[in-house]
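# Structural features, examined
One letter stands for each residue in the lines below.
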Amino acid sequence: MSGYKYDEEGGQFMTFCLTALLAFMVPYTYRVLRPQRKTATAQGWLDQCGHKVVAVRHLMRTSPIWSTLHWVLLAAGWAAVALLFKKVAYLVSHSEHQVYDPFSILGIAATATEREIRRRYRKLSVEFHPDKVGDVSNQTKAEIESHYIEITKAYKALTDETIRKNYEEYGHPDGKQEMSMGIALPTWIVESRNNWLVLAVYGLVFGVGLPLLVARWWYGSRSRTKDGVLNATALSFFLALKPTVTADDLPLLLAKTEELSGQYVGALRASDEPAMAELTEAVRTAYRNDTGKELVPEGVPAPVARALVLLMAYLYRVESRQAHVEQIKLQMGHYTEKLLTSLLAMSTSHNRLAQSNVIRDMMTCFVQAVPLSGGRVSELLQLPHMTVALAKEAAQLDMVAKHGLQGLWKVPDAERRAVLAGPQGMSADAYAECMRALSEWPRIELVDAYFTVVGEERVSAGSLMHLVVKMRLLPPKRDGSLLRGGRRLDAKDKDGSDSVRSGMASDSLPDDAAAGRESTGYVYAPYFAEERKPHWFVQMGDHKNDHLILPPSKFGDVGATQTRTVHLPVIAPPEQGLYTFQVEVTSDSYLGSNAAKLMKLNVAEQRLASPEEEDEISDPEEDTIAGQMALMRGEKVKPSNVVYADDDDDDDDEEEEVEEEERNDDSDSDSD
């Protein structure tokens, strides 16, 4: 007989709740008590995380309210786990559906021998026999008899063959028991007086909560592009990014976006107005002194003008006395990097080389928070404790003007200290930290770059070739040699008339295991509100025609001890000839960490198979099964390449006979 019922005791429902709660609390506790660790491995002092100014550290810090909520939820969750565990343990011990265990009834171990079982039974039968227990126990006669029957049944379940077989097969000495199917829900859920409460909970969860969650995810994902910018912003970029847009037009184009002029500027409060007025005046002065132009053109709406001021305040590192204004400025600088990523994708889709380079370099400026057109001054401002005044003075040095940061490393220490650590300069500790950062600065060295076609000696027109770029980091303290365009001044050019290498060697195949990846730390960017790993771009273009052939390909894991190899597939030009391209390797986070090489590509004429070659390739040989079948069908076949020894012997015999006849003829003619 089978039945179907709810969980009247509530044990199954409590067990389900305990399991679900533990499935949430265990990983949540691990996340709270052991925060996610950074996977990057720092190679020195410069690429360690934490090099941020106070305002950025405050912005990146988790709110104490959220921390408190985490701990409250953690404590409440484990308290609920303890209560549920206690409730489940109580229900299990008092359940009417306990598992039958004869060893537990007799009070012996499961490993007890038959002799021990008999001895235990005799003792219990004497102790709990109804004739002896009835006078001294407070139990009823029925309870006493029931207990004695249970002892006897447990004894027989372990000694009697028939009863023991029932126990082993069905888990009970009486044989197969009544089976019931149940739902792990307590009975009170289906009681009529609780119907309104159950329906209200179901309605809130499935009628309100779940649709809101799905709608928030759906409309949130649909409203933004894969780069994380609003669709309206991406559309405005698509319409405004013309070929005539230059570096001077990009800041205003960014300030007009909905995010900067709408969301961030709209977050300013009335109490921020005095600080914004001071910031605007300071930024306009700094911009005028740097470029000789006015920051905000005439006719620009006020929200756009404010967004432009905050952007330039971030780049010129002009601080505000109002913490809220400073926070919005740093957030705008961080978000602008996403906007520039979207602009770069649009510009590269049109293969605009010069415009793409401008946008790519602007991304680096926003990561380092340096002026867009500062040149060597912006490059020097990446160093710690470097001010605009000190950078301008150091940029006047001949080595710095020619080679930037690596030129500053080559300047004698006495001369360098006189410029940077003078009476108005850095302190001794600040100067030491600045030089420490300079010694570890991640210069990129272009070890080699060439074209190759796997399995071919040359590059044919229209073929699929690979651009192979090999590079590594070369910090000044590791090797102080000057690099020009990312290459050593004494580097020998391995290429001859062109940069094509044979693709017949095994190392010409792209091998991910031999790519020379090396884990590095984080970017040294004190004003950027994010800990990010450094990456590099590899691109190829034709500067004469302003045409981007290979769009910037992003890659990372470039270290100083291994040579990083990158294989990039490129389609060769459709016509033969000698082409000149420039390959560039640039950093997405550091100014001055770039390399370039002018490469010549000699494209050979595409080799086409002649009709005879095509027939030879397509026709089977005559001594193969396919050849015999082709002969039977009357089709063409290739002659066999097999040379038989017998045929060679016959040919030799024939040649000897001919030679002997010729000698006889000669002797006859002489006798005449």
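What counts and what doesn't
- Residue indices begin from 1 for each chain and proceed along its sequence in written order.
- Restriction of local features to residues with pLDDT of at least 70 applies here, the model being predicted, together with a cutoff of 80 or more for giving and counting side-chain atom pairs; totals for whole chains, interfaces and linings are based on all residues.
- Hydrogens and waters are ignored; side-chain quantities use all the structure's heavy atoms.
- By the convention used here, strands pair only if DSSP detects at least 2 bridges between them.
- Each helix corresponds to a stretch of at least 4 residues labelled H or I by DSSP, and each strand to a stretch of at least 2 residues labelled E; elements are numbered beginning at the N terminus.
- When a carboxyl oxygen of Asp or Glu is within 4 Å of a side-chain nitrogen of Lys or Arg, the pair counts as a salt bridge.
- In this scheme, a residue with accessible area under 20% of its type's maximum is buried, one over 50% is exposed, and one in between is partly exposed, where area comes from a 1.4 Å probe on protein chains only.
- Ring geometry is summarised as follows: Phe, Tyr and Trp rings, the Trp one being its six-membered ring, pair when their centres sit within 6.5 Å, and such pairs are stacked at plane angles under 30 degrees, edge-to-face over 60 and tilted between the two.
- For a helix, the expected span equals 1.5 Å multiplied by the number of residues minus one.
- The contact criterion used throughout is that any non-hydrogen atoms of two residues lie within 4.5 Å.
- In this description, a line fitted to the C-alpha atoms serves as the axis of each element, helices being fitted only across the stretch in contact, and the angle between N-to-C directions of two axes falls anywhere from 0 to 180 degrees.
- UniProt positions are given in the numbering used here, feature names are shortened, and annotations may be inferred rather than shown by experiment.
- Charge counting treats Lys and Arg as positive and Asp and Glu as negative, with His and both chain ends excluded.

### A few points about the sheet that holds strand β3 (residues 444–452)
- Reading across the sheet, the 4 strands line up as β8-β3-β5-β11 and stay open at both edges, with mixed pairing between neighbours. Both outer strands of the open sheet, β8 (500–501) and β11 (564–571), are each paired with one neighbouring strand and no more.
- In terms of strand pairing, strand β5 (residues 464–473) meets β11 through 8 bridges, oriented antiparallel. Pairing of M465 across the sheet is with V570, part of β11.

### Examining the pattern of salt bridges
- In total, this model carries 22 salt bridges according to the counting rule given.
- With a shortest N-O distance of 3.7 Å, K554 and D588 are connected by a salt bridge. Linking K554 in strand β10 (residues 547–555) with D588 in the loop between β12 (577–587) and β13 (594–604), this pair joins segments that are 34 residues apart in sequence.
- Using a relative accessible area of 48% as the deciding quantity, one classes K554 as partly exposed.
- Overall, D588 belongs to the buried group, its relative accessible area being 1%.
- A single salt-bridge network, built from bridges that share partners, covers E337, R532, K554 and D588.

### What about the packing of aromatic side chains?
- Tallying each qualifying case throughout the model produces 7 aromatic pairs.
- Geometrically, the ring pair formed by Y264 and Y335 is tilted, given 6.0 Å between the ring centres and 55° between the ring planes. Residue Y264 is found in helix α12 (residues 258–266), and its partner Y335 is found in helix α15 (residues 323–349); the two are separated by 71 residues along the sequence. For the pair Y264 and Y335, a shared accessibility class is recorded, and that class is buried.

### With respect to helix α16 (residues 353–368)
- Relative to the 22 Å expected for 16 residues at 1.5 Å per residue, α16 spans 23 Å between its end C-alpha atoms, a close match to the ideal helical length.
- With 13 of 16 residues buried, α16 is to be regarded as a mostly interior element.
- Positive phi shows up at A369, right after α16, with a value of about 55°.

### Focus on the sheet that holds strand β9 (residues 536–542)
- If you trace the 5 strands from one edge of the open sheet to the other, you get β4-β13-β12-β9-β10, paired in mixed fashion. Strands at the two margins of the open sheet, each flanked by one partner only, are β4 (459–460) and β10.
- Where β12 and β13 come together, 10 bridges link them in antiparallel fashion. Each bridged residue has a counterpart across the sheet, and for L578 the counterpart in β13 is N602.
- Along the sheet, α16 contacts β9, β10 and β12; its crossing angle with β9, the most-contacted strand, is approximately 160°.

### Let's talk about the pairing of β13
- Sheet topology note: the β4/β13 ladder contains 2 bridges and is parallel. If you follow S460 over to β13, its bridge partner there is A604.
- Hairpin connection of β12 to β13: 6 residues between the antiparallel strands, including G592 at a positive phi of 85°.

### What about the UniProt feature "transmembrane region" (unreviewed entry) in the chain?
- Per the UniProt annotation, the sites labelled "transmembrane region" (unreviewed entry) are residues 12–30 and 196–219.
- Here residues 12–30 is 100% helix and 0% strand, with 27 Å between the C-alpha atoms at its ends.

### Details of the side chain of R317
- As for its position among the elements, R317 is in the loop between α14 (302–315) and α15.
- E319 provides the closest opposite charge to the buried, unpaired R317, separated from it by 8.7 Å.
- What R317 contacts, discounting residues up to four positions off in sequence, is Q368, A369, V370, L381, Q382, M386 and Y527.

### Some words on unusual backbone geometry
- Notably, R317 is not glycine yet its phi reads approximately 55°, a positive angle.
- A positive phi angle, near 55°, is found at A369, a position not held by glycine.
- Among the secondary structure elements, A369 is positioned in the loop between α16 and α17 (376–380).

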